[in-house]
Each structure stands twice: as C-alpha cells, then as structure tokens.
Amino acid sequence: MPHQPGQPAPHRPAPSDGGPLRDPATGVGWSDVTATYARTFALLCAGAVEPLLDAAGVGRDDLSLRGAASGTPAPATGTGGRGRTRLLDVGTGTGSVAAAAVVRGAQVTAVDPDAAMVAWTGRAVPEAEVARAGLPGLPYDEGAFDVVVAGFVVNHLADPRAGVAELAGLVAPGGRLAVTIWPSGQNAQSRLWAAVLADAGVVTPPSVGLPPDRDFPRTLDGLTDLVAATGLEVAVEAVRWTHRGDPASLWEGASAGIGGIGATVCAQDDATRLRLRAAYDHHVAALVRDGELAFETEALLAVGRRR
C-alpha cells in the first residue's frame, strides 16, 4: 500500500528483475558486495552527487533548469509550505546522495532493493528514512515528493522507460526529477574497459544489456527523449569531474561482479580472467599519476520539472 514520506515503508522483496543496482539480465552485481562497492565504484560515481542535487534545486532558492530548454528561469523547488524539501533517493546504494541531501537540509527518504545496501545507508545516514524498495512498484503515493533523484540507476533498469515514468509520477507539482547515467563509450572508464576486453579477446556476453525494444540510446538526445516522454519539462547536460583512487579499484569492483562490466568479467573462465587482469594492468597504467589513478570522466545529467 502506498504511503507518504515520514511513515515507515513496508518491507518489499527485491524486484525479480534485480532492481536498479543489478545487471538486468543476469542478476549479477550487487548483493553481498556492498563494502567493495563503497570503496570502488561508489567513489567513481561520487563526483556527480553535488551536480545532481544542484540540478534538482536542493538547498538552493535560485536555480533554473540547467542547460535550459527554454531559457526561462524555473521557480525554485517548492515545499508547499511544509518546510524542508521532501526528497526521494532511489537506488541509494551506500548513501552518498542521501548524505549530501541531508547536509543541504532536505527531508530524505532513501530506498534500495538490496538489503545490504539498505543496512549500510541506514548506518551511514541515520537522519534519513531508509527502506528496502525498488523499481518497479515503489511504495509511495503519486506526487509524494518535491524532488526525486536517481544517480546511475536508469543504466541498470530492466525497463528504463517504465522506470523513469514511475519516478516522474512521484514528483509533486513544481517539483523536479533528476537522474544521471553513464553515456555509451564516452568516458575514460568506458574506453579503458573497451581496450581491456579487446586485448583479452573477450566479447561482451549477449545477456549483458537490454533487448532493443526496451533499451534507449545512452546519449544526450536519448536521455532527453526518455525523460521528456514522461511529460516533464526537461534539460540534459554533460557533467565532468576528475576521479582519483587506487589504481586497482576499478578491477576490484569489476572482479566482484559489480555492474555490467562485472557481469562480463564474472562470465569468463579462470584463464580468461587472468588475461583480463593483465590487460587491465597494462591499460590502466596510462591513467596513473604518482601512484594514483586519476582521470577525467563524464556523465549525463537530466532534470525534469513538473509544472
């Protein structure tokens, strides 16, 4: 039964498609690897947290739609006289977005289909209401939130169009939906993994990814069309930041089965995985400076406003 923010969310089992933090076809990728995710791919995603909340207008009174489609300033995200902005963080993972939103003064509800992620975020962000839930079928009323955010969730949905439509339906009048995705082949880590797979002679398994009738182009225009189809006023831009970390961190995340590349790595036999690791070590060296992994990466950020 749907409910309003501030009321306990009912326990919901993880969706049968694996939810937003799991490869949609194989189910490989996230459960029981929460700590690995926190020290690997979560750090890679962290550079998009503040731009995501800026675009959503969280804690700010003067933001317009970024990269404005119309050039007309949008009113600040409203709270209808209720005080703090009601924010839903979908696919919260280890809670980076939820924690940053709390700092900005939002009333945060954070959900994830993975029980380990929920437990982690519950400890890390005690100010937030944290519940186990995922797309499809989030247990909230239509228009229940001033802001809905989904950081790097749409990439992993089994049905992106249905998922984004459900997210948009939770946005109150005057509120905003903000999402980030990784663009196809357009950032340093994508190029790194493409080179690693090519050198190791590995072809991505057909099961990794979505059937064409459910997928969408992971481009600025593709994301624009995906969000615009919900009826929201939408603008999309590229956001860039420099990621720094341990040179082995991306391999550690992939070898733990996290994300699409993790599903590909884990689908290989032992000999092939050894070739992949050797290729990774060779190619990642070009991104290491003074013993530290350092590269500029890029994501796409869409913000949609409900009038």
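Conventions used here
Residues numbered from 1 in each chain as written. Predicted model: local features only at pLDDT ≥ 70, side-chain atom pairs only at ≥ 80, totals over all residues. Heavy atoms only, no water. Helix = DSSP H or I, 4+ residues; strand = E, 2+ residues; numbered from the N terminus. Buried < 20%, exposed > 50% of the residue type's maximum accessible area, 1.4 Å probe, protein only. Contact = heavy atoms within 4.5 Å. Phe/Tyr/Trp six-rings, centres within 6.5 Å; stacked < 30°, edge-to-face > 60°. Pairing = 2+ DSSP bridges. Right-handed = clockwise from strand over helix to strand, strands pointing away. Axes fitted to C-alpha atoms, helices over the stretch in contact; angles between N-to-C directions. Parallel < 35°, antiparallel > 145°, perpendicular 65-115°, else oblique. Left-handed = near helix turned anticlockwise from the far one by under 90°. Nonpolar A, V, L, I, M, F, W, Y, C, P; charged D, E, K, R; others polar.

Chemist: What exactly am I supposed to notice about the environment of Ala299 here?
Modeler: Structurally, Ala299 is set in strand β8 (residues 292-305). For Ala299, a relative accessible area of 0% gives the class buried. Distance from Ala299 to Arg240, taken between C-alpha atoms, is 6.6 Å for residues 59 residues apart in sequence. The contact partners of Ala299, leaving out residues within four places of it in the chain, are Phe152, Ile181, Trp182, Pro183, Glu237, Ala238, Val239 and Trp241.

Chemist: What exactly am I supposed to notice about the packing of aromatic side chains here?
Modeler: What characterises a pair of aromatic rings is the spacing of the ring centres plus the angle enclosed by the ring planes. Under the counting rule described, the total for this entry stands at six aromatic pairs. Each ring, one from Tyr140 and one from Phe145, has its centre 5.2 Å from the other, and the planes form 80°; the classification is edge-to-face. This pair shows no difference in class: Tyr140 is buried, exactly as Phe145 is. Plain terms: the ring middles of Trp251 and Tyr280 are 5.9 Å apart, the flat faces sit at 45° to each other, and that makes the pair tilted. Remark: Tyr280 occurs in helix α11 (residues 270-284) and Trp251 occurs in helix α9 (residues 249-255); sequence separation between them is 29 residues. Assigned by exposure class, Trp251 and Tyr280 land together as buried.

Chemist: I would appreciate a short explanation of helix α4 (residues 96-103) in the present structure.
Modeler: Every α-helix carries 3.6 residues per turn, so stepping three or four residues along brings you back to the same face. Those residues of α4 lying buried are Val97, Ala98, Ala100, Ala101 and Val102. Its buried side turned inward, α4 meets α3 (49-56), β1 (86-90), β2 (107-112) and β4 (145-151).

Chemist: So what exactly am I meant to see when it comes to the pairing of β4 here?
Modeler: Each regular strand shows side chains that alternate between the opposite faces of the sheet. Extensive coverage of β4 is indicated by the burial of six of its seven residues. Direction of pairing for β1 relative to β4: parallel, over a ladder of three bridges. In the sheet register, Asp89 faces β4, and the bridge partner there is Val149. Looking at chain direction, β4 and strand β5 (residues 171-181) are connected through six bridges and run parallel. Within the sheet, the bridge partner assigned to Phe145 lies in β5 and is Val171. The parallel pair β4 and β5, bridged by helix α6 (residues 160-169), forms a crossover whose chirality is right-handed.

Chemist: Could you clarify how one ought to interpret the packing of α3 against α4 in this entry?
Modeler: The description of two packed helices rests on the angle between their axes and on the distance between the axes. Where α3 meets α4, the axes come as close as 10 Å, and the angle between the chain directions of the two elements is 55°. With respect to each other, α3 and α4 are oriented oblique. Crossing hand, α3 versus α4: right-handed. Contacts from Val49, Glu50, Leu52 and Leu53 of α3 reach α4 at Ser96, Val97, Ala100 and Ala101. Of the residues that constitute the contact of α3 with α4, the class distribution is six nonpolar, one polar and one charged.

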